[in-house]
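# Residue-level structural notes
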Amino acid sequence: MSPAARLRRPRPDWLKDPKIWRTEVLAGLVVALALVPEAISFSIIAGVDPAIGLFASFTMAVTISVVGGRRAMISAATGAIALVIAPLNREHGFGYLVAAVILAGVFQVLLGAVGVAKLMRFMPRSVMVGFVNALAILIFMAQVPEMHDVPWAVYPLIAGGLALMVLVPKVTKVIPAPLVSIIVLTVLTVAAGIAVPTVGDKGALPSSLPTPGLPDVPFTLDTLTTIAPYALAVALVGLMESLMTAKLVDDITDTRSNKTRESIGQGIANIVTGFFGGMGGCAMIGQTMINVRVSGARTRLSTFLAGAFLMVLCIVFGPVVSDIPMAALVAVMVMVSFATFDWHSIAPKTLKRMPAGEITVMTLTVALVVATHNLAIGVLVGTITAMVIFAKRVAHLAQVTAVTDPDGSTVVYRVTGELFFASSNDLVTQFDYAADPDKVVIDLSATHIWDASSVAALDAIETKYAQRGKEVEIIGLNQRSAEIHQKLSGELTGGH
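This brings us to the overall build of the chain. For the chain, the helix and strand inventory stands at 20 helices and 6 strands. A principal-axis box enclosing the C-alpha atoms of the chain has dimensions of 100 × 60 × 55 Å. For the chain, the residues scored as buried account for 52% of the 496 residues in total. A separation threshold of at least 6 residues defines the contact pool for the chain, and within that pool the share at least 24 residues apart is 84%. In the form shown here, the chain has an accessible surface area of approximately 22800 Å², with 65% of it arising from carbon and sulfur atoms.

Here it is, written out as structure tokens:
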């Protein structure tokens, strides 16, 4: 791009409109505050120092704000990645964890380059709804420990925080309601000396920026074979969660995103995070909902500032941040879980109209994600189940009707519907091999051959007629069907 063309490029929206700039800045601050306890908690799950999770959240958010394909989506250290990477850290040490994060990033770049994002088109809506509802439940469940075995004052603080987030938007939308709630509850607990769990109780905040370096591992084939399975798992889980979250943000904002760029961007962000000694990460549904749905952010600025503010809060304002009561952040996340859940999907009116198969897929996806705390398992099983239900439904669409010529010398079978592995299984049984005349015509002008199973079924039909000395002629094939039939016929069943 020439310098002149570069100068002619339109400025970002947040530079044109002060209101947008204010929204993005305040949204980034709210997300940064919410990231602190989450990143520390995920560090504990992964078995690393709290600073490692905070560093990962900083580098992931800042990097993805530049290279990502979905504006306003937040990427940081996540529980899903922590669960995958924890066994490697426990068994081989932190150096291997960092090396696996870097390799996972490489895998994500490669997967993004070969078009893995295109697989999102096969994601059924029922799986997407189940994914969203399961995440809402998981976000709420993650807050339950913060409400168990705590001082009684925690409960009115949570209730007060929720009330503020409901009432503040009715008065003003200039400042995000979650930020008002966090500030008010923090000032109240500090001023009144109310003893409740705080962010500082989760762990020490870092006092300096992370520095780049190579992982402390031997650069050998043995190391590669050790980290590769974990790296591939991190890459797949991270991409699945990120692409699903990106699609959700697309729907909320009514805008499109570049999923291929997002896939490659996630890889670049993890590579950068690994070289800075972070634990890796991916898109965060909870913080993304705070940013997009609750705070109204729509640009990359909020994502960048979420990471930048996180480090500023930890390094410059560490003592202040440490005094934030966990009750304030619990209230924010409870509100997020409520806003994330698709309540329309479980309304009696909706359930009455929805096909039983769709309800089954949605329920199964929710149940598996909540039971395993693994988004990949729930989404994968839900998608496979949806495909099986679809295949079973369309397997009966292939119909065969027979018309015999008046002279009785020829019978014409007309096949309608789609021929693939499920529907073609019953095709062989729909012909009268013994009673039909010597000339049999199979008209496929109203159908399409999709796979080898269908060609094998047609070969079997021809073989059965040939065994009785009868001739079969197949007519009406469209170009694609004719090509696959000509290529495979006689090669699958050993000839007629």
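So that's the structure; there's more coming.
Enumeration over the complete set of coordinates arrives at 7 aromatic pairs. Between Phe431 and Tyr433 the ring centres are 6.3 Å apart and the planes differ by 35°, which places this aromatic pair in the tilted class. When its relative accessible area of 9% is taken as the criterion, Tyr433 is described as buried. With a centroid separation of 4.8 Å and an interplanar angle of 55°, the aromatic rings of Tyr433 and Tyr465 are classed as tilted. Here Tyr465 lies in helix α19 (residues 452-466) and Tyr433 lies in the loop between β4 (410-419) and β5 (439-449), a separation of 32 residues in the sequence. Relative accessible area serves as the criterion here: at 0%, Tyr465 is assigned to the buried category. One aromatic cluster is present, built from ring pairs that chain together Tyr413, Phe431, Tyr433 and Tyr465.

On to the sheet that holds strand β6 (residues 471-475). Pairing in this open sheet of 4 strands is mixed, and the strands run β3-β4-β5-β6 from one edge to the other. Among the strands making up the open sheet, the edge pair consists of β3 (399-404) and β6. Sheet twist, expressed as the average angle between the axes of neighbouring strands with direction ignored, equals 20°. The sheet contact formed by β4 and β5 spans 9 bridges and is parallel. Directly across from Tyr413, in β5, lies its bridge partner Ile442. Sheet contacts for α19: β4, β5 and β6; angle to β5, the most-contacted strand, approximately 175°. Those strands touched by helix α20 (residues 479-488) are β5 and β6, and its axis lies near 120° from that of β5.

Right, let's get into the pattern of salt bridges. Two side chains of opposite charge can pair, provided their charged atoms sit close to one another. What the rule picks out here adds up to 7 salt bridges. The partner of Glu146 in a salt bridge is Lys202, and the shortest N-O contact between them spans 2.4 Å. Of this pair, Glu146 sits in the loop between α7 (125-143) and α8 (154-171) while Lys202 sits in the loop between α9 (177-192) and α10 (221-253), placing them 56 residues apart in sequence. Exposure remark for Glu146: the relative accessible area of 18% places this residue in the buried category. Bridged by salt links that share partners, the residues Arg70, Asp250 and Lys259 form one connected network.

This part covers unusual backbone geometry. Positive phi outside glycine occurs at Asp149, with the angle close to 55°. Position of Asp149 among the secondary structure elements: in the loop between α7 and α8. With relative accessibility at 72%, the residue Asp149 sits in the exposed group. Positioned with a positive phi, Asp254 is a non-glycine residue whose angle comes to about 55°. For Asp254, the position within the fold is in the loop between α10 and α11 (259-275).

On to helix α17 (residues 356-372). The terminal C-alpha atoms of α17, which comprises 17 residues, lie 24 Å apart, in line with the 24 Å expected from a rise of 1.5 Å per residue. When α17 is considered as a whole, its buried residues turn out to be Gly357, Val361, Met362, Thr365, Val366 and Val369. Relative to the axis of α17, the buried residues are bounded by an arc of 170° and lie together on one face. Within α17, the exposed residues directed more than 90 degrees away from the buried face are Ala356 and Ala371.

Here we come to the packing of α7 against α10. Where α7 meets α10, the closest approach of the two axes is 11 Å, and the angle between their N-to-C directions is 100°. Classified by the interaxial angle, the pair formed by α7 and α10 is roughly perpendicular. Along the contact surface, α7 presents Met128, Phe131 and Val132, while α10 presents Glu241, Met244, Thr245, Lys247 and Leu248. Across the contact of α7 with α10, the residue classes break down as 5 nonpolar, 1 polar and 2 charged.

With that settled, consider the environment of Asp342. With respect to the helices and strands, Asp342 occurs in the loop between α15 (326-340) and α16 (348-353). The exposure class of Asp342 is partly exposed, given its relative accessible area of 22%.

Time to look at a nonpolar patch on the surface. Where nonpolar side chains cluster on the molecular surface, the patch consists of Leu209, Val312, Ile315, Val316, Phe317 and Val320 and spans about 510 Å² of accessible area. Tracing the backbone through its elements, the reader meets Val320 in helix α14 (residues 318-322). Under the relative-accessibility criterion, Val320 is labelled exposed at 52%.

We now examine helix α4 (residues 50-67). Given a rise of 1.5 Å per residue, 18 residues ought to cover 26 Å, and the 26 Å separating the end C-alpha atoms of α4 matches this to within 8%. Buried residues dominate α4, accounting for 16 of its 18 residues. Its side-chain oxygen at 3.0 Å from the backbone nitrogen of Ala51, Asp49 defines the N-terminal cap of α4.

Take the side chain of Asn270 next. Along the polypeptide, Asn270 turns up in helix α11. Judged by its relative accessible area of 0%, Asn270 falls in the buried class. From its side chain, Asn270 meets the backbone nitrogen of Gly281 in a polar contact 3.0 Å long. Sequence-distant contacts of Asn270, defined by excluding residues within four places in its chain, comprise Met60, Val101, Ile102, Gly105, Gln108, Gly280 and Gly281.

Regular strands show a simple pattern: their side chains alternate between the two faces of the sheet. Sheet topology places β3 next to β4; 6 bridges connect them, and they run antiparallel. When the sheet's bridge partners are listed, Thr401 is paired in β4 with Arg414. What sits between the antiparallel neighbours β3 and β4 is a turn of 5 residues, in which Gly408 has the positive phi angle 75°.

Conventions and cut-offs
Residues numbered from 1 in each chain as written. Predicted model: local features only at pLDDT ≥ 70, side-chain atom pairs only at ≥ 80, totals over all residues. Heavy atoms only, no water. Helix = DSSP H or I, 4+ residues; strand = E, 2+ residues; numbered from the N terminus. Buried < 20%, exposed > 50% of the residue type's maximum accessible area, 1.4 Å probe, protein only. Contact = heavy atoms within 4.5 Å. Areas by Shrake-Rupley, 256 points an atom, 1.4 Å probe, with all protein chains shown as cover. Phe/Tyr/Trp six-rings, centres within 6.5 Å; stacked < 30°, edge-to-face > 60°. Pairing = 2+ DSSP bridges. Axes fitted to C-alpha atoms, helices over the stretch in contact; angles between N-to-C directions. Salt bridge = Lys/Arg side-chain N within 4 Å of Asp/Glu carboxyl O. Expected span 1.5 Å × (residues − 1). Arc of directions from axis to C-beta. Parallel < 35°, antiparallel > 145°, perpendicular 65-115°, else oblique. Nonpolar A, V, L, I, M, F, W, Y, C, P; charged D, E, K, R; others polar. Patch = residues over 30% accessible without salt bridge, like charges linked within 9 Å, V, L, I, M, F, W, Y side chains within 5 Å. Polar contact = N/O pair within 3.5 Å; in protein donor to acceptor, adjacent residues only side chain to side chain.

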